[in-house]
Amino acid sequence: MLRFLATRFAGMLVVLAIVAVLVFVLTRAASGDPVSVLLGDQATAADIARVQKEYGLDKPLPVQFGYWLREVLQGNLGQSIFLQRPVAQALLERAEPTTLLSLMAVAIAALIGLPCGIVSAVLRGSWIDQLFTGVAMLGASIPSFWFGIVLIQLFAVSLGWFPVSGYGAPDAAFGERLHALMLPATVLGILNSALIIRFTRASMLDVLGEDYVRTARSKGLSETVVVLKHALRNALVPIVTVLGLTAALMIGGAVVTETVFGLPGVGSLVVNAVLRRDYPVIQGALLVIAGIYVLINFSIDLLYAVVDPRVKV
Amino acid sequence: MFAATSRRALFGAALLAALCGAVPAQAQAPRTHATLAMVAEPQTLDPMASTADLVGTIMQHVYETLYTFDAKWNVVPMLAESMPKVSADGKTYAIALRRGVMLHSGRELTADDVVASLQRWMAQSPRGKALGNVVDSLVAKGPQAIEIVLKEPYAPLLSQLALPSGMAAIMAKESIASPLKDFVGTGPYRFKERKPDQYVLLTRFEQYSARKEPANGYGGKREALIEELRFVPVPNASTRVEGSLAGQYDFADLLPTEALPRLEKAAGKTVPVMTPAFGFPYLVFNTKEGVAASQAVRQAIQIALGEGEMLAAGFGDTRFFVAEGNHFPKGSPFYATGGTEQYNQRNAPKAKEAAAKAGYKGEPIRVLTSRQYDFHYNMALLMAEQLKRAGFKVELNVVDWATLVQRRNDAKLWDIYVTHSGQFPEPMLSPPQLGDGAPGWWDTPAKKAALQAFNTASDPAKRGALWGKVQEIVYTEVPYVNVGKFNGLSAKSPALDNYQPATWPYFWNAKIK
């Protein structure tokens, strides 16, 4: 077990090291200059050179990488060029809306996806199944920015139920913040429910064909008990994995939705950082997001090993 | 069992109610704040560090300048007591400060603060630095006056001191640092809090000392009638439009012109605001390297351009642009017609002939543009077609803004780039190509002579005619092409009262009904 842990952990470090190098090289390989953006249209070449020096951007790339790596190894992600605060602090401030948004979206996705998937599987081949499958296909193909704008026009502009954008007023209570997250969470939830529907349907179909389900039926149990108690429990394991991964994906991937709804989350932080070439923020955020992914994968590997004796440790 | 279920149901119902209905109830109490949707997160809050308009727009509420502009773009005193006493040779400016002006730290403003602030501005701000080159000395004359001595007469001095972008902001001496951490000014609002990508909060400064003259443009009496200003970045233009239509913002800056019909129909929720002669798009030519380094080729390109068509492509509705060759609108002291016969020719055959005569051999003309602003891109597309029709080969390089501002500094990478500027009251403030060293690297004896004459004439009446000469040379040497003027579109809530449209929107004297 210890050796398994050690090798997995070493692998994790290797992945993170590769990510660090890639992130650094890719951000610098893209053209563009944060200082020209910072100083505005009237800045002279001399001003730009002076400020580049202040931020150490005049040094050769390997030297800059060395500095950055040294800091990162000491747990310091650096200082943002534009936000006047450390990258770690900027990330922490953005974690709340993004985490809440992901959780709400996954909850909505599950609330839609599970029942629809189950019904589809049970009534396989019926018009209801075809309807749900069709809707799922549609959901997977709609671009989130378009869907977001449509929901904004309907529920925020015409009906006035929700704010158009933002994360509540500066002095907003927690309830108001959740209220502001409802529309974006609905967009993400509905779009992601497509995947859950398909997964639930497939997983249920597998299980419904098993011998023990036939046994349960032959015992004279009602169809509801068979489906919800015997089949669903066993079908749920892969579905939960997908739900978990969906949530993890949203932490880094709700970029478009956060931008459309003006949410100050991790996704919009990264997008803004890329647009203004805030190198420390791009590097820090991507490294942290990659770290979270790797950690989740690591935990899943561990869980599999614990749950399933066939996975050798 | 029953009790547990009903409790759960109650909780669920309560949560649902909280999520759907709780917020609008707050709108009942009289509001003490205004929510202002801006185009982006400010690059910085140091008003000297950036010439970006957004930085000036926000920080002009916190910091003030010695002089400012009235509604007709005349320079009027703000922190200065009155207009300066200028010596007969036009080199010495004696400026008395208004007495009893309080800083946000609770101390009275003195000449030492002013000198320290202007020194920082001349050392750090791109605009201040240009001015620093002509300043011989800057000293305090007692606690309430300063003196600026110039190496040679420099007419744009007061306009430079007045401009909100790249601002010559007067700050408390002890707050001066790089980077700036405390924002201690004299303005009607104090800095309260910044949460990047969420808001910048400014709150009323109770000890503000206003001028006695009635409000006029940026000048005269300023009064913070709204207790708190909330500048909120809403980078997505459609979101700014929808937010206005939903009545979520008291002000939304720079909306796409296509949104006007919808804004006009949204009675009761929002009111469109037009800012006339808001700015001008311009094309900068690389006069140093590449195919456009030849003046004759640049002239041929100018003949091919149809600026009216380009503006139509960029702004659509004719209510939003004016196609005219004079760089300053009628009524401005700098209105001049010199060279304007070169404007909006759109003459492909003549351009083809001129290009052949100039020795143009089909080298690609590399046009650098971005989609940061849709009108840049749309105008560039149309320009490319106009040039192709005149036999030019065009290579359109569409990059993002951060890339454009970097690449334009390298003479090897481009021939023309597309940008725009606010319409400023003083020619020397924009475009930067009138100064030295800006991308395009325009530097000719004719430019130097014309600008020398323009900048050293201290008589304002003569400067108008002298600008005509400069404009003529711009049309002859084609270092840049001023495409025309466009109007800005914003929106305000019906509750926001007494808002005056301005290039840098300001919210003192405005109130919430």
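Just so you know, these numbers come straight off a predicted model, no measurement behind them.

In this structure, Ala105(A), Ala285(A), Leu36(B), Tyr67(B) and Ile416(B) are the most contacted members of the largest nonpolar core, which totals 219 residues. Top element by residues in this core is helix 5 (residues 87–122) of chain A. It accounts for 16 residues. If sequence neighbours within four positions are ignored, Tyr67(B) has contacts with Val75(B), Val76(B), Pro77(B), Met78(B), Ala80(B), Leu158(B), Leu161(B) and Ala162(B).

Turning our eyes to something else, we now look at the domain arrangement of chain B. Residue and element names in this part refer to chain B. When cut into domains, chain B gives domain 1 (36–231 + 494–512) and domain 2 (277–487). At the junction of the two partners, domain 1 supplies 14 residues and domain 2 supplies twelve residues. In terms of residue class, the side of domain 1 that touches domain 2 is made up of nine nonpolar, three polar and two charged.

All names here are of chain B. In the segment running from serine 430 into proline 431, the intervening peptide bond is cis, with an omega of 0°. For proline 431, the position within the fold is in the loop between strand 16 (416–422) and helix 13 (445–456). Phi at tryptophan 441 takes a positive value of approximately 55°, unusual for a residue other than glycine. Looking at the secondary structure, you find tryptophan 441 in the loop between strand 16 and helix 13.

On to the domain arrangement of chain A. By domain assignment, chain A separates into domain 1 (1–82 + 276–313) and domain 2 (96–265). Distance from the C-alpha centre of domain 1 of chain A to the C-alpha centre of domain 2 of chain A: 32 Å.

Looking now at the interface of chain A and chain B. Many descriptions give the size of an interface as the accessible area lost when the pieces come together. Taken together, the contacts link 47 residues of chain A with 45 residues of chain B. For the side of chain A that touches chain B, a count of residues per class yields 23 nonpolar, 17 polar and seven charged.

This part covers helix 6 (residues 237–245) of chain B. Most of helix 6 of chain B is tucked away: eight of the nine residues are buried. Of all the positions in helix 6 of chain B, only Ser238(B), Thr239(B), Arg240(B), Val241(B), Glu242(B), Gly243(B), Ser244(B) and Leu245(B) are classed as buried.

This next bit is on the environment of Leu118(B). Residues and elements named next belong to chain B. Structurally, the position occupied by leucine 118 is in helix 3 (residues 111–124). On the basis of neighbour count, leucine 118 is assigned to the buried category, with 24 C-beta atoms found within 10 Å. A C-alpha to C-alpha distance of 9.9 Å links leucine 118 and threonine 65, two positions 53 residues apart in sequence. When near neighbours in sequence (up to four residues on either side) are disregarded, leucine 118 contacts Leu138 and Ala168.

With that settled, the discussion passes to the pairing of strand 6 (residues 135–140) of chain B. In summary, the side chains of a regular strand alternate between the two faces of the sheet. All names here are of chain B. The element strand 6 is largely exposed, with a buried count of zero among its six residues. Note that strand 6 and strand 7 (residues 145–150) share five bridges and pair antiparallel. Each residue of the ladder has a partner; that of leucine 138, found in strand 7, is isoleucine 148. Where strand 6 folds back onto strand 7 in an antiparallel hairpin, the turn is made up of four residues, including glycine 142, whose phi is positive at roughly 80°.

Criteria and cut-off values
Residues numbered from 1 in each chain as written. Chains lettered and ligands numbered in written order. Predicted model: local features only at pLDDT ≥ 70, side-chain atom pairs only at ≥ 80, totals over all residues. Core = buried A, V, L, I, M, F, W, Y, C linked by C-beta atoms within 7 Å. Buried ≥ 20, exposed ≤ 12 C-beta atoms within 10 Å, placed from the backbone. Helix = DSSP H or I, 4+ residues; strand = E, 2+ residues; numbered from the N terminus. Contact = placed C-beta atoms within 7 Å. Domains from an automatic or database assignment. Nonpolar A, V, L, I, M, F, W, Y, C, P; charged D, E, K, R; others polar. Pairing = 2+ DSSP bridges.

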